[in-house]
Amino acid sequence: MMYLCYIFVLITIALSKNAEPANLEWWQTSVIYQVYPRSFKDSNGDGVGDLKGIEEMAEHFYETGIGAIWLSPIFKSPLADFGYDISDFVSIDSTYGTMEDFLSLQMKLKSFGVRILLDFVPNHSSDEHEWFQKSVKRIDPYTEYYVWLDGKLDENGNRIPPNNWVSQINLTINKFQRNYFDGSAWEWSPERGQYYLHQFTVKQPDLNYNSPAVLEEMKNVLRFWLDIGIDGFRIDALPFIVEDITFKDEPMINPNVKDDNYTYFLLDHTLSRDQLGTYKVVEEFRAVLDEYSNRDGNTRLMLVEAYASINYTMMYYSQQTPRAHMPFNFNFITYLNKTSSAVDIKNTINLWLDNMPPGQWANWVIGNHDNKRVASRFGQDMVDPMNTLATMLPGTAITYNGEEIGMADGTIRWDQTVDPFGKNGGKDKYELNSRDPFRTPFHWNDWQNAGFSTSQRTWLPVNSNHWYLNLAFQKVCLRSHYQTYKTLLKLRSYPTIAQGNLTMYTPSDWILILTRQLEGHETFYIVLNVGTEQEAIILNEHFKDIPLHMIVRASSINAWHSENDYIDTTKPLPMRPKSSLVLSY
């Protein structure tokens, strides 16, 4: 079967607003690559990815041009939420290996010049954590380590939760549930005689950041891993770590709507998230990282996850006091889809750049373990174009494992579903909520289980299309997702891409042109047709002072032109649907 190679080209670079174009730090020039350990590579044949598997395939990062990897949680956990329910923040879960395995992986990465970031989960622990077990028993100092409240009595004298706050686990399924208690963010502890707050699953009790002891405990967790030598953290679910201490009911968005189970989407979450105290905690975490950065001049990076409105998101950037180096930019995930126009893309890019505080650094995320893959959200033709956006715009590029080869969501039956979000939806609605399809194992080759594992069964089934969509095949394919991705990463080393300015043009609804310029260096033009019909553009009719010819630096697989072709700027440049070109002179 002929392998179809798709590439859409945009150019992305790392540029700070109002910053001098020199002396960029490692995290500004690197691509940060998210590794989902369960699905990356299984070294021992148990069907689950592990640290030794990542070490075994570490050369992939080096060959591709990856500068740093971020590991999703590998800490000791009952795995009720696949590692985001942590029972020991400073131990490796045996599913993934041992501390010795981690240190060996770290050494291997260092030999390739690849840095390592860990996932830090400060909002909650597992209910199996020693701290929580002692908090239930009111053993000091753990009594107030979690958020505990007495319940209330309804009109019939029945005990009910202290307020109407709703758990994140029911974000989607609450549209269909009519059982109040299933959606509550509070769980009754008979032993303690109080409710505890869990903004995620019932097995993930929220830590209490009004307790100075809790803050110090979590700062010590950061220090533990920094002492081992990691290069920074991705910090999970930050908007939820501080709550309004009045614990009042959250208001309905529309007070005229009656909802007997306080569905998440009907509540205005003004009390359970996005509190100003959150940013003070962020400053405390950053101060710990800076302790280490200041010792040796090697920046320990702080990335934060915050699905929030643009004003709250931008507040995670450093203000008068250092905060995060960058909050993740999820706007390509949130606002774009397969029907988005060139103007939509331009506006989405500007939404971040126009709101970013002066002197700060952008980043571009097109996928992660919680969202549909690019090939499934935008269509296979847009895999390379979106990778180009993420790697060529001003800022740091962040790639989810598998996006470099264009992996799509897998098909997961109900009996194969393991994600708690999916299982809570029930057989009829699990597909609305499950994240399992985005987390299927990596396609290394066309062997059994795509070379991921020798096990007969893997923790999630491998996508059936791995026989033709896999890394090994794309490495030998002249034009492929992977070859395009590597080319784009090489272009990031050009001074113009690393430090040049950005201008965007939309000569039609579906044509987007980006220019990247830096005085004294090569100039780049990125031309994209994001529509469904072929278009043509004569470049010298739209741009002054461009030369007669430009060279193709990268091209989508479906583009008319290939890398190293020359373009005559006085003639119509044909652009197939969903195609792109990176040109320069």
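- Under an unreviewed UniProt entry, the name given to the chain is alpha-glucosidase, and the organism recorded is Aphis glycines.
- As recorded by UniProt, the Sequence similarities (unreviewed entry) comment attached to the chain reads in full: "Belongs to the glycosyl hydrolase 13 family."
- Turning to the chain, the UniProt annotation filed under Catalytic activity (unreviewed entry) states: "Hydrolysis of terminal, non-reducing (1->4)-linked alpha-D-glucose residues with release of alpha-D-glucose."

Concerning the overall build of the chain
Part 1: Within the chain, the secondary structure is distributed over 18 helices and 23 strands.
Part 2: Taking 2.2 N^0.38 as the reference for a compact globule, 585 residues should give roughly 25 Å; the C-alpha atoms of the chain span a radius of gyration of 24 Å, in line with that estimate.
Part 3: Taken along the three principal axes of its C-alpha coordinates, the chain extends 80 × 55 × 55 Å.
Part 4: Across the 585 residues of the chain, 61% fall into the buried class.
Part 5: In the chain, the share of contacts with a sequence separation of at least 24, taken over all contacts with a separation of at least 6, comes to 70%.
Part 6: Within the structure as shown, the chain displays about 22,800 Å² of accessible surface, and the carbon and sulfur contribution to it stands at 49%.

With respect to the pairing of strand E10 (residues 194–197)
Part 1: Residues Gln 194 and Tyr 196 of E10 are buried on one face, and the alternating residues Tyr 195 and Leu 197, pointing to the opposite face, are buried as well.
Part 2: Note: strand E6 (residues 148–149) against E10, 2 bridges, orientation antiparallel. Bridge pairing links Leu 149 to Tyr 195 in E10.
Part 3: In this sheet, E10 lies alongside strand E9 (residues 186–189) in antiparallel orientation, the contact comprising 4 bridges. Opposite Trp 186, over in E10, you have Leu 197 as the bridge partner.
Part 4: Between E9 and E10, which pair antiparallel one after the other, the connecting turn spans 4 residues, and Gly 193 there sits at a positive phi close to 80 degrees.

What about the pairing of strand E5 (residues 115–120)?
Part 1: Counting buried positions along E5 yields 5 of 6 residues, so the element is predominantly enclosed.
Part 2: Bridging between strand E2 (residues 68–71) and E5 involves 4 bridges; their strand directions are parallel. Note that in E5 the partner of Ile 69 across the bridge is Ile 116.
Part 3: Where E5 and strand E11 (residues 232–235) come together, 3 bridges link them in parallel fashion. The partner of Asp 119 across the bridge, within E11, is Arg 234.

Some words on helix H4 (residues 99–111)
Part 1: For H4, spanning 13 residues, the distance from its first C-alpha to its last is 19 Å, which sits close to the expected 18 Å at 1.5 Å a residue.
Part 2: Here H4 has its buried residues at Asp 101, Phe 102, Leu 105, Gln 106 and Leu 109. Along H4, the residues classed as buried sweep out an arc of 140 degrees about the axis, all on the same side. Within H4, the exposed residues directed more than 90 degrees away from the buried face are Glu 100, Met 107, Lys 110 and Ser 111.
Part 3: Close packing links the buried residues of H4 with helix H2 (51–56), helix H3 (59–64), E2, strand E4 (88–92), E5 and helix H7 (212–228).
Part 4: In the segment just after H4, Gly 113 is the residue with positive phi, at about 75 degrees.

With respect to the packing of helix H13 (residues 383–392) against helix H17 (residues 481–491)
Part 1: One way to put it is that H13 packs onto H17 with a least axis distance of 10 Å and a crossing angle of 15 degrees. Regarding the angle of H13 to H17, the classification is roughly parallel. Crossing hand, H13 versus H17: right-handed. Counted together, Val 383, Asp 384, Asn 387, Thr 388, Thr 391 and Met 392 of H13 and His 481, Thr 484, Tyr 485, Leu 488, Leu 489 and Leu 491 of H17 form the full contact between these two elements.
Part 2: Grouping the constituent residues of the contact of H13 with H17 by class yields 6 nonpolar, 5 polar and 1 charged.

Topic: the confidence of the model for the chain
Part 1: When pLDDT is averaged along the chain, the result is 93; 93% of the residues meet or exceed 70.
Part 2: Confidence over residues 1–20 falls short of pLDDT 50; this stretch has 133 contacts with residues more than four positions distant or in other chains.
Part 3: Residue range residues 170–182 is modelled with pLDDT below 50. Its contacts to residues more than four positions away, or to other chains, number 37 contacts.

Let's talk about the sheet that holds strand E17 (residues 511–517)
The strands making up a sheet associate through backbone hydrogen bonding, with each pair oriented either parallel or antiparallel.
Part 1: Here 6 strands make up an open sheet; going across it, the order is E16-E17-E18-E23-E20-E21 and the pairing antiparallel. The open sheet has two free edges, formed respectively by strand E16 (501–505) and strand E21 (566–568), since each of these has just one partner strand. On average, each strand axis in the sheet is inclined to that of its neighbour by 30 degrees, with strand direction left out of account.
Part 2: Bridging between strand E20 (residues 549–555) and E21 involves 3 bridges; their strand directions are antiparallel. In the sheet register, Ile 551 faces E21, and the bridge partner there is Tyr 566.

What to know about the side chain of Arg 323
Part 1: Relative to the elements of secondary structure, Arg 323 occurs in the loop between helix H9 (310–314) and strand E13 (326–327).
Part 2: There is a polar contact of 2.7 Å between the side chain of Arg 323 and the backbone oxygen of Met 315.
Part 3: Those residues in contact with Arg 323 that lie beyond four places of it in its chain are Tyr 279, Val 282, Glu 283, Arg 286, Met 302, Met 315, Tyr 316, Tyr 317 and Ser 318.

About the criteria used
Residue positions are counted from 1 within each chain, in the order its sequence is given. Since the coordinates come from a predicted model, pLDDT governs what is reported: local features require at least 70, and pairs of side-chain atoms require 80 or more to be given and counted, while whole-chain, interface and lining totals use all residues. For the side-chain quantities, the full set of heavy atoms in the structure was used; hydrogens and water were omitted. UniProt positions are given in the numbering used here, feature names are shortened, and annotations may be inferred rather than shown by experiment. Strands are runs of DSSP state E lasting at least two residues, helices are runs of H or I lasting at least four, and both sets are numbered from the N terminus onward. We take the radius of gyration over the C-alpha atoms and set the globule estimate at 2.2 Å times the residue count to the 0.38 power. Only protein chains enter the calculation, and the probe is 1.4 Å; a residue is then buried if its accessible area is under 20% of its type maximum, exposed if over 50%, and partly exposed in between. Here, residues are in contact when the closest pair of their heavy atoms is within 4.5 Å. For the area figures, the Shrake-Rupley method with a 1.4 Å probe applies, and any residue is considered shielded solely by the protein chains shown. Following DSSP output, two strands are said to pair if at least two bridges run between them. Each helix should span, by expectation, one fewer than its residue count multiplied by 1.5 Å. An arc is given here, and it is the one of the directions from the helix axis to the C-beta atoms. Between N-to-C directions, angles cover 0 to 180 degrees, with each direction set by a line fitted to C-alpha atoms, over the stretch in contact for helices. Here roughly perpendicular refers to angles of 65 to 115 degrees, roughly parallel to angles under 35, roughly antiparallel to angles over 145, and oblique to all remaining angles. The sense of a crossing depends on the near helix, which, turned anticlockwise from the far helix by less than a right angle, makes the crossing left-handed and, turned clockwise, makes it right-handed. Ten residues, namely Ala, Val, Leu, Ile, Met, Phe, Trp, Tyr, Cys and Pro, are considered nonpolar, four, namely Asp, Glu, Lys and Arg, are considered charged, and the remaining ones, Gly among them, are considered polar. A residue's pLDDT is simply how confident the predictor is in it, with values from 0 to 100. Nitrogen and oxygen atoms within 3.5 Å of one another constitute a polar contact, given that in protein one can donate a hydrogen and the other can accept it, and given that sequence-neighbouring residues count only through two side-chain atoms.

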